[in-house]
Amino acid sequence: MSPTATMTRPKTRRSTRRLSEVARHVVTPSGIVSTGWPAVERRCTEFGDVFDEWQRGIGQLILAKRANGLYAATVGGATLSIPRQVAKTFIVGRIVFALCTLFPGLRVVWTAHRTRTATNTFQKLQGLAKSRNAAKYVKSIRVANGEQEIRFHNGSVILFGAREQGFGRGFDELDIEVFDEAQILTEKALEDMVAATNQSQHPHGALLLYMGTPPRPGIDPGEVFIARREEALSGSSRDSLYIECSAAPNVGRKNGPSLDDHKQWRIANPSFPYRTPLASMQRLRKNLPSDDSWRREALGVWDARGQLEPPVIDPEDWALLQRRPPSGNQVAYGIRFDPSGTRVALSVALADGQGCFVEGIYAGSPASSIDGLVKWLSSRWRTCDGIVIDGRGAADLLEARLKKERVQPRKITRVTPGQAGAAYAGLPDLVLSKSVHHSGQPGLAASIACSKKRKIGTQGAWGYEPNHPDGDSTPTEAAALAIFGLKTKRTSANGRTGQGRTSGGRRGTVM
């Protein structure tokens, strides 16, 4: 398929529903007297585009102006919380492209969290730029990886890049910034980029556009997106635009509509079934990993704020402990099997002069990983101070298999409830005292951010469990067990603790 073909809209029945009829929330800035949408729509018509009524409504509000001629949302920006498969990239992309042809020297930065998303958007707009009716406005297209851009004959430019690669910092005199995947947008990243619009030369003021799906609790750093929604719904916003398309809040819950109710699909997705066919929705339904992911990403439903228990360890405190791995001479491994029997995690801890250092090695399903765990550990037990295991069921099988591979029993510790509680309760204290460090692995950080307390036994001991259905606390527990293994390493037969261990056993940690 050619790049041009990727942006061609199918000739399907248009939706005549207005934005007010399809969106659950539309919060507009005050003082609107006009809009710059008509000129943009005329230019897009020249490109061959035809918009649904609700898309026209989005365009009218994003480009709404006050009596002074400035965009009504130039101060607070425009936020779109819209599910997948609704073509939000299409409408925002068309607005940005058309504005570049209408206003000479317009400078636009389009960022996404992931490189793949930024590249996909660039490819779509590249298709438009090469189309017959739009190509006359385009001077050049740069396709070098990490430096993707579309330049126009009138001096306008659209630059594309991924925030995970540091893109967006160091720019100045920007007129429009698009924050795609805004559910993964930190305040620090926003601080680095928003200042670039302070010197905007656009006659109607700069525009900040945020678009995404509801963030995953405890996983996505969505504080910016969450704050913008909460401000809009509180009624205190006067300079911002907020639009949300979503199904019923109780969809998929007790006494609520079914997640497969096509009426709810139509409520959440105004492009269904005309622009987005049934097969596309069914494909998405099949490939999203869980019902909760479907609720958020396909139906746009936000998790109720205040229902999630906070994690035991503050993610910001954890993030401050990142540093390079040491060359410690004491090594221990921790393996945690969760009570449901569906998750297992393996971590390593190293002792050094600054306390200890932990890394996650593996997290996944026990059914598919026992052989790998046995092979990995049986090749490293001689150079470690201990292997600490917590759990039942598959944990019993792992211990039996390790002994069959002649791993010395003195190197294996099956923790009691009291020992497990001591291991898990010790981790927050190490974090607060800055006696534990890590390499900044996203998987371990996500686990820390979702791990709340779990009661162990009747003596007050506690461990961890995820505070939402998509979370996984086993990497956090495995890290705590590995640290416990360092502190309680067994005494060898001659009464001396093991010395001379090296961290070389960590190499090749991908199973």
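All values derive from a computational prediction rather than experimental measurement.

Overview of the side chain of Glu477
Here is step 1 of the chain: Considering the arrangement of structural elements, one finds Glu477 in helix 17 (residues 474–487).
Here is step 2 of the chain: Accessibility expressed as a relative area gives 1% for Glu477, which makes it buried.
Here is step 3 of the chain: Here Arg336 takes part through its side chain, which lies 2.9 Å from a polar atom of the side chain of Glu477.
Here is step 4 of the chain: Each residue touching Glu477, except ones within four places of it in the same chain, is listed here: Arg336, Tyr424, Arg454, Gly463 and Tyr464.

Here we look at the pairing of strand 14 (residues 355–364)
Here is step 1 of the chain: With nine bridges joining them, strand 13 (residues 344–352) and strand 14 adopt antiparallel strand pairing. If you follow Ala349 over to strand 14, its bridge partner there is Val358.
Here is step 2 of the chain: Counting the residues in the hairpin turn of strand 13 and strand 14 gives two residues.

Here we look at the sheet that holds strand 12 (residues 330–337)
Paired through their backbone hydrogen bonds, the strands of a sheet run either parallel or antiparallel.
Here is step 1 of the chain: Taken in spatial order, the six strands of this open sheet run 16-15-12-13-14-17, and their pairing is mixed. Of all strands in the sheet, those bounded by a partner on one side alone are strand 16 (412–414) and strand 17 (436–438). Each adjacent strand pair in this sheet contributes to an overall mean axis angle of 25°, direction not counted.
Here is step 2 of the chain: Helix 14 (residues 394–404) contacts strand 12, strand 15 (386–390) and strand 16 of the sheet and is inclined by roughly 160° relative to strand 16.

Observations regarding the packing of helix 16 (residues 442–450) against helix 17
Here is step 1 of the chain: Where helix 16 meets helix 17, the axes come as close as 7 Å, and the angle between the chain directions of the two elements is 100°. By the angle between their directions, the pair helix 16 and helix 17 is classed as roughly perpendicular. In this structure, helix 16 uses Leu444, Ser447 and Ile448 to contact helix 17, whose residues at the interface are Thr474, Pro475 and Thr476.
Here is step 2 of the chain: Looking at the contact of helix 16 with helix 17 residue by residue, the class counts come to three nonpolar, three polar and no charged.

Here's the deal with the nonpolar core
Here is step 1 of the chain: Of all hydrophobic cores here, the largest spans 50 residues; its most connected members are Ile58, Ile62, Leu63, Val92, Phe97, Ile150 and Ile176.
Here is step 2 of the chain: Here this core takes nine residues from helix 5 (residues 88–102), the largest share from any one element.
Here is step 3 of the chain: For Leu63, the contacting residues outside a window of four places in its chain are Ser34, Thr35, Gly36, Trp37, Val40, Tyr71, Ile95, Leu99 and Leu207.
Here is step 4 of the chain: By size, the runner-up hydrophobic cluster in this structure holds 30 residues, among which are Ala332, Ile448, Ile456 and Trp462.

Notes on the environment of Asp429
Here is step 1 of the chain: If you trace the backbone, Asp429 turns up in helix 15 (residues 417–432).
Here is step 2 of the chain: Taking C-alpha positions, Asp429 is 9.3 Å from Ile313, a pair spaced 116 residues apart along the chain.

Some points on the packing of helix 10 (residues 278–287) against helix 11 (residues 291–298)
Here is step 1 of the chain: Put simply, helix 10 and helix 11 touch, their axes get as near as 9 Å, and they point 140° apart. Put simply, helix 10 runs oblique to helix 11. Contacts between helix 10 and helix 11 involve Met281, Leu284 and Arg285 from the former and Asp291, Trp294 and Ala298 from the latter.
Here is step 2 of the chain: Classifying every residue of the contact of helix 10 with helix 11 by side-chain character gives four nonpolar, no polar and two charged.

Calculation notes
Residues numbered from 1 in each chain as written. Predicted model: local features only at pLDDT ≥ 70, side-chain atom pairs only at ≥ 80, totals over all residues. Heavy atoms only, no water. Helix = DSSP H or I, 4+ residues; strand = E, 2+ residues; numbered from the N terminus. Buried < 20%, exposed > 50% of the residue type's maximum accessible area, 1.4 Å probe, protein only. Polar contact = N/O pair within 3.5 Å; in protein donor to acceptor, adjacent residues only side chain to side chain. Contact = heavy atoms within 4.5 Å. Pairing = 2+ DSSP bridges. Axes fitted to C-alpha atoms, helices over the stretch in contact; angles between N-to-C directions. Parallel < 35°, antiparallel > 145°, perpendicular 65-115°, else oblique. Nonpolar A, V, L, I, M, F, W, Y, C, P; charged D, E, K, R; others polar. Core = buried A, V, L, I, M, F, W, Y, C linked by side-chain atoms within 4.5 Å.

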